Amino acid sequence: MEECLFCKIIKGDIPSNKVYEDDEFLACHDINPAAPIHILVIPKKHIKSLADLEKGDEQLMGKIYGIINKIAEEHNFKQDGYRVIVNCGRNGGQEVMHLHFHVLAGKKLGEKIV
Ligand code: AMP
Ligand code: ZN
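A few points on the structure.

Quick notes on the rules
Residues numbered from 1 in each chain as written. Chains lettered and ligands numbered in written order. Predicted model: local features only at pLDDT ≥ 70, side-chain atom pairs only at ≥ 80, totals over all residues. Heavy atoms only, no water. Pairing = 2+ DSSP bridges. Helix = DSSP H or I, 4+ residues; strand = E, 2+ residues; numbered from the N terminus. Axes fitted to C-alpha atoms, helices over the stretch in contact; angles between N-to-C directions. Donors = N, O, S within 2.8 Å, 3.2 Å for Na, K, Ca; no water. Tetrahedral: all angles 85-135°; square planar, octahedral: opposite > 155°, others 65-115°. Buried < 20%, exposed > 50% of the residue type's maximum accessible area, 1.4 Å probe, protein only. Contact = heavy atoms within 4.5 Å. Polar contact = N/O pair within 3.5 Å; in protein donor to acceptor, adjacent residues only side chain to side chain. Expected span 1.5 Å × (residues − 1).

### A word on the sheet that holds strand β4 (residues 82-85)
Two orientations exist for strands paired in a sheet by backbone hydrogen bonds: parallel and antiparallel.
Then, number 1: Taken in spatial order, the 5 strands line up as β1-β2-β3-β5-β4 in an open sheet, and their pairing is antiparallel. Whereas interior strands pair on both sides, the edge strands pair on one side only; in this sheet they are β1 (18-21) and β4. Neighbour-to-neighbour, the strand axes of the sheet open up by a mean angle of 20°, direction not taken into account.
Then, number 2: Judged from the 5 bridges that link them, strand β3 (residues 37-43) and strand β5 (residues 101-105) form a sheet pairing that is antiparallel. What sits directly across from Ile39, in β5, is Val103.

### Description of the coordination of the zinc ion (ligand 2)
Then, number 1: Protein ligation of the zinc ion (ligand 2) involves Cys4 (SG), Cys7 (SG), His46 (ND1) and His98 (ND1), the donor distances falling in the range 2.0 to 2.3 Å.
Then, number 2: Around the zinc ion (ligand 2), the 4 donor atoms are arranged such that angles at the metal cover 102 to 116°; this shape is classified as tetrahedral.
Then, number 3: In terms of primary sequence, the donors binding the zinc ion (ligand 2) are separated according to C-x2-C-x38-H-x51-H. A residue pair is termed long-range when its members are at least 10 positions apart, and Cys4 in the segment before α1 (5-11) and His98 in the loop between α3 (89-92) and β5 qualify at 94 residues.
Then, number 4: For Cys4, a relative accessible area of 17% gives the class buried.
Then, number 5: Overall, the relative accessible area of 0% leaves His98 in the buried class.

### Considerations on the environment of Tyr82
Then, number 1: Assignment of secondary structure puts Tyr82 in strand β4.
Then, number 2: For the pair Tyr82 and Ile37, spaced 45 residues apart in sequence, the C-alpha to C-alpha distance is 9.2 Å.
Then, number 3: The contact partners of Tyr82, leaving out residues within four places of it in the chain, are Ile68, Asn69, Ala72, Phe77, Val103, Leu104 and Ala105.
Then, number 4: One polar contact links Tyr82 to Asn69, side chain to side chain, over a distance of 2.5 Å.

### Notes on helix α2 (residues 58-74)
Then, number 1: In a regular helix each residue adds 1.5 Å, so 17 residues correspond to 24 Å; α2 covers 25 Å between its end C-alpha atoms and thus fits that length.
Then, number 2: Taken as a whole, α2 has its buried residues at Leu60, Met61, Ile64, Ile67, Ile68, Ile71 and Ala72.
Then, number 3: Buried residues along α2 sit against β1, β2 (25-29), β3, β4 and β5.
Then, number 4: Just beyond α2, the residue with positive phi is Asn76, at close to 60°.

Here it is in structure tokens:
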């Protein structure tokens, strides 16, 4: 496993505020929340970015939104809604080069780009 920040969190070498874990994913609260609820859903496989998905990763990606809905239900923001963001590469503003899904909730979100 690569020694990137999120790989270290997945290994437990760096502590995180975990909200969900299974064999393939870990979800934790973002250390610098951009909304009242800001959760990161991280596949345990070290995939650098959306642009680095390989054949065979489809199944993994297909599971993400089910996990997000499960978290949304458990944290009581499924009804009110939420936003999912994936930053990809330099122009997308990605800082940690290990694929992760931002889940933002808990208020009416502004700065809608699309
Ligand atoms: P991105 O800019 O899409 O690569 O997002 C990286 C996210 O990781 C940012 O929102 C950071 O606040 C968050 N982050 C960085 N270090 C940690 C950490 N140790 N635990 C939780 N979230 C982190
Ligand atoms: Zn990694």
